[in-house]
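Chain by chain, the residues run as shown.
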Amino acid sequence: RSVLTTGTGSSRAGLTCAAVRESSAGSNGNEFSLEAGALALADRGVCCIDEFGCMSKEDRTSIHEAMEQQTISVAKAGIICKLNARATVVAVMNPAGGIYDENMNLERNSRLGSALLSRFDLIFVMLDQAQCVRDENIAHFLLQQSIIPGSAFERPMEMDTGFNDDDKANG
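First things first, this report covers the structure right here in the doc. Every value quoted in this text rests on a predicted model; they were computed, and no experiment measured them.

## Considerations on the layout of surface pockets
(1) Moving on: A volume near 1,100 Å³ is recorded for the largest pocket.
(2) Moving on: Along the walls of the largest pocket sit 32 residues, with Ala91, Val92, Met93, Phe124 and Val125 positioned nearest its centre.
(3) Moving on: Elements with a minimum of two residues in the lining of the largest pocket: β7 (88-91) and α5 (106-110).
(4) Moving on: In terms of residue count, β7 provides more of the lining of the largest pocket than any other element does, four residues in total.
(5) Moving on: In terms of residue class, the lining of the largest pocket is made up of 21 nonpolar, seven polar and four charged.
(6) Moving on: If you add up the space inside the second largest pocket, you get close to 160 Å³.
(7) Moving on: Around the second largest pocket, the lining residues are Arg12, Thr16, Ser62, Glu65, Ile72, Ser73, Val74, Ala75 and Lys76.
(8) Moving on: Sort the elements by how many residues they give to the lining of the second largest pocket and strand β5 (residues 71-76) lands first, with five residues.

## Details of the environment of Ser118
(1) Moving on: Here Ser118 lies in the loop between α6 (114-117) and α7 (132-146).
(2) Moving on: In this structure the C-alpha to C-alpha distance between Ser118 and Glu68, which are 50 residues apart in sequence, comes to 9.5 Å.
(3) Moving on: Separated by 2.9 Å, the side chain of Ser118 and the backbone oxygen of Ala115 make a polar contact.

## Some remarks on the side chain of Asp43
(1) Moving on: Tracing the backbone shows Asp43 in the loop between α2 (38-41) and β4 (46-50).
(2) Moving on: Of the residues examined, Asp43 reaches a relative accessible area of 13% and is grouped as buried.
(3) Moving on: At 2.6 Å, the side chain of Asp43 forms a polar contact with the side chain of Arg86.
(4) Moving on: Once residues lying within four places of it in the same chain are set aside, the contact partners of Asp43 are Arg1, Asn84, Ala85, Arg86 and Ala87.

Procedures and definitions
- Residues numbered from 1 in each chain as written.
- Predicted model: local features only at pLDDT ≥ 70, side-chain atom pairs only at ≥ 80, totals over all residues.
- Heavy atoms only, no water.
- 1 Å grid on protein atoms, 1.4 Å probe; cavity = no way out; pocket = protein on both sides within 12 Å on 5 of 7 lines; lining within 4 Å.
- Points joined across faces, edges and corners; volume = space filled by probe spheres on them.
- Helix = DSSP H or I, 4+ residues; strand = E, 2+ residues; numbered from the N terminus.
- Nonpolar A, V, L, I, M, F, W, Y, C, P; charged D, E, K, R; others polar.
- Polar contact = N/O pair within 3.5 Å; in protein donor to acceptor, adjacent residues only side chain to side chain.
- Buried < 20%, exposed > 50% of the residue type's maximum accessible area, 1.4 Å probe, protein only.
- Contact = heavy atoms within 4.5 Å.

What follows is the structure, encoded as structure tokens:
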């Protein structure tokens, strides 16, 4: 089981759970039910959060309990309970400002507090080393792949990709 969400579209309720007013027949409008958020839905699975850095600080802190205790405590609309959130959290983000500064630590580059960072078991920093000629060749190759064959924009691909044998072997 897996759930994918984005930091740009996730709220605290969307990550944990939301209290929803019942509007069914026979309901007087004062009854609520809980709708599970991404972390509860991913129980015993994986919750992937893209653009984690775009979430508000308040929304990010809502996952502290889920990552540490594997539960979500709920006290909404008169409903008090604990939901299981035994999920692996895979969060992806870009560094603050868009460029990772190797002279600063991870906490400053990510603008995530140490309390949240410490809840991750593994952290991978992937750096894109700028190489103008190679980057230009890759961009050109990708653009050529998106052009419809036979269109007026089709151009022959006659250029060195800048890949060495190791790059070709590793995809």
